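Overview (structure and organization)
Listed below are the residues making up each chain.
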Amino acid sequence: MPKKVVEIIFYGGVKEIGGNKILIRDKGLGKSIFLDFGKSFELSRMYYEFPFNYPESIEELINIDAVPPIQDLYTKSETNFENDPEPTIDAFFISHPHLDHYGHISLLSRKARIFVGQGAKNIIEVGSKLITRKTSPELNYNGLKFETFKTGDEIQIGDMVVKPIHVDHSIPGAYGFIIYTSIGTIAYTGDFRIHGAHKELTEDFIRELEKEEIKVLITEGTHVEFSSGYNEEDVRRKLLEVIDETKELIIADFGKSDYDRFTTFYNISKQVKRSIIVDPKRYAILQGILKIPNIRTKVDLMDPDILVVRDEKKRPTKVEKEILNTIPDEKKISITDISKNGEKYIYSVFFASSRDIKKVSPSRGSVYILSASEPFNEEREISFEKLINWLEFFGVSMYSIHCSGHATPNHLKRLIIHAQPEIVIPVHTLRPILFRNFVNFGDWRIPDSRGSRIVIE
Ligand SMILES: [Zn+2]
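Here is what the cut-offs are and how they apply
- Residues numbered from 1 in each chain as written.
- Predicted model: local features only at pLDDT ≥ 70, side-chain atom pairs only at ≥ 80, totals over all residues.
- Heavy atoms only, no water.
- Donors = N, O, S within 2.8 Å, 3.2 Å for Na, K, Ca; no water.
- Tetrahedral: all angles 85-135°; square planar, octahedral: opposite > 155°, others 65-115°.
- Helix = DSSP H or I, 4+ residues; strand = E, 2+ residues; numbered from the N terminus.
- Buried < 20%, exposed > 50% of the residue type's maximum accessible area, 1.4 Å probe, protein only.
- Domains from an automatic or database assignment.
- Contact = heavy atoms within 4.5 Å.
- Buried area = accessible area lost by both parts, 1.4 Å probe.
- Pairing = 2+ DSSP bridges.
- Axes fitted to C-alpha atoms, helices over the stretch in contact; angles between N-to-C directions.
- Parallel < 35°, antiparallel > 145°, perpendicular 65-115°, else oblique.
- Left-handed = near helix turned anticlockwise from the far one by under 90°.
- Nonpolar A, V, L, I, M, F, W, Y, C, P; charged D, E, K, R; others polar.

Summarising the metal site, the zinc ion is bound by the protein donors Asp-100 (OD), His-101 (NE2), Asp-191 (OD) and His-428 (NE2), whose distances to it range over 2.1 to 2.2 Å. Geometry at the zinc ion is irregular, judged from its four donor atoms and the angles of 85 to 169° they form at the metal. Here the donor residues for the zinc ion map to a single chain with the spacing D-H-x89-D-x236-H. With Asp-100 in helix H3 (residues 99-102) and Asp-191 in the loop between strand E10 (184-188) and helix H5 (199-211), this residue pair connects regions lying 91 residues apart in the sequence. Take Asp-191: its relative accessible area is 1%, and that puts it in the buried class.

This paragraph deals with the domain arrangement of the protein. On domain assignment, one finds that the protein holds domain 1 (6-226 + 405-456) and domain 2 (232-400). Domain 1 and domain 2 are separated by 30 Å when their C-alpha centres are compared. Domain 1 puts 33 residues into the contact, and the matching count from domain 2 is 29 residues. For the pairing of domain 1 and domain 2, the buried interface totals around 2500 Å² over both sides, and the portion due to carbon and sulfur atoms is 63%.

A few words now on the sheet that holds strand E21 (residues 452-456). Taken in spatial order, the seven strands line up as E6-E5-E4-E3-E2-E1-E21 in an open sheet, and their pairing is mixed. Lying at the two open borders of the sheet, with one neighbouring strand each, are strand E6 (146-149) and E21. Across the sheet, the mean angle from the axis of one strand to that of its neighbour is 25°, orientation sign disregarded. The sheet strands contacting helix H4 (residues 118-129) are strand E5 (114-117) and E6, and the helix crosses E5 at an angle near 105°.

Spatially, seven strands are ordered E15-E14-E13-E16-E12-E17-E18 in an open sheet, and the strand pairing comes out parallel. Pairing within the sheet leaves two strands with one partner each, and these edge strands are strand E15 (332-334) and strand E18 (397-400). Along the sheet, successive strands turn relative to each other by an average axial angle of 30°, direction set aside. Two strands pair when backbone bridges link them, and strand E12 (residues 250-253) and strand E16 (residues 345-349) are joined in this way by four bridges, in the parallel orientation. Paired with Asp-253 across the bridge in E16 is Val-349. Here helix H7 (residues 259-271) sits on the sheet in contact with E12, strand E13 (275-278), strand E14 (306-310) and E16, set at roughly 145° to E13.

The subject of this paragraph is the packing of H4 against helix H8 (residues 280-290). Where H4 meets H8, the axes come as close as 8 Å, and the angle between the chain directions of the two elements is 155°. The pairing of H4 with H8 is recorded here as roughly antiparallel in orientation. For the pair H4 and H8, the crossing hand works out as right-handed. On H8, the residues that touch Asn-122, Ile-123 and Val-126 of H4 are Ala-284, Ile-285, Gly-288 and Ile-289. Across the contact of H4 with H8, the residue classes break down as five nonpolar, two polar and no charged.

Below is the structure:
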């Protein structure tokens, strides 16, 4: 009988927000899986400056520790995947479709088994079709095959069983995992919150954890410090107040896949009798999200008050062209119309650039609302200061109204106390020590650097 030992190796998500790549190597069962295979924004910030300087090869990414040096893990080609190796890792489980959790699956051998929720599959597939510049192997998602799961499924990887349970996060299709291994049950939270529009999803996950005897809990801890404490309802109330008081254009900056925030803005637009404007990209992602079976809140995209901006100066991708060709003319709106009749609209943008703002040239008294969810990224920082300067130039004031996709400190603690794990491993946090001392329950093992290995017998 092989010895019952599980090695957990943290190739990302260690003392950083995101970039989770957690290898579970069960020597007892002879099976290995990755929990998430995300992109580290921290490393991107350290080494690259998109679009001027980007990863040129997989070797380069291995050399800077952005991806693990594991044999037969990666694709050999960018077009023909027939000669890709049979990976020694049996499966990849993606918790949710944010880049810091799935971004690097683009590099994997096309023979890899990748498991995702249906919602995540839709979002990843639409997202990959919207990439304009395929400059780097990091951005090539062609040829990947996904196997989908739903909450409560039991996926057999040899004798290892992985059970995904839905959680609430700032994007649809988010899951935590319960994994039955030779040393007992390991649970992984992915990213979660209990203050969002669908907290019942996370409550389901917590109930499942309570039923299990958890040997190891791997948990996120993003907002163990400086949680805003606001929930989606607080955000809705504040947004309504600001939008109601504004007489000119509202520019709403929020995540393209933050569907809950979209529905919040959409419902407000109805109340204040403005139309909501999206760009073809957001429209495509919304279409993908609305194809998810059992999506909790349904918005009818054919509502004549959801308009799609037609920007003559922009070169659209195939998907964007398709959208502009298929929607009726009365749903399209020009940039000029937005500038002239700002008071009628909520113009939704995503990481607004100075160019977006210059094009619209909003009238004085317009309001820009930053209502953005993570993941933050490297491009943002560079351009944000310039954006603010342009907003100042146009006389557009700024609000920040947001609640995060991540649990508050007390909610993090609540999940851990309910799960009653023997061992706790924090990931996706800048303050693991604070997290441990605050929760003050269980035997904490804190990975100290990228590549840290924790052995459980
Ligand atoms: Zn994350």
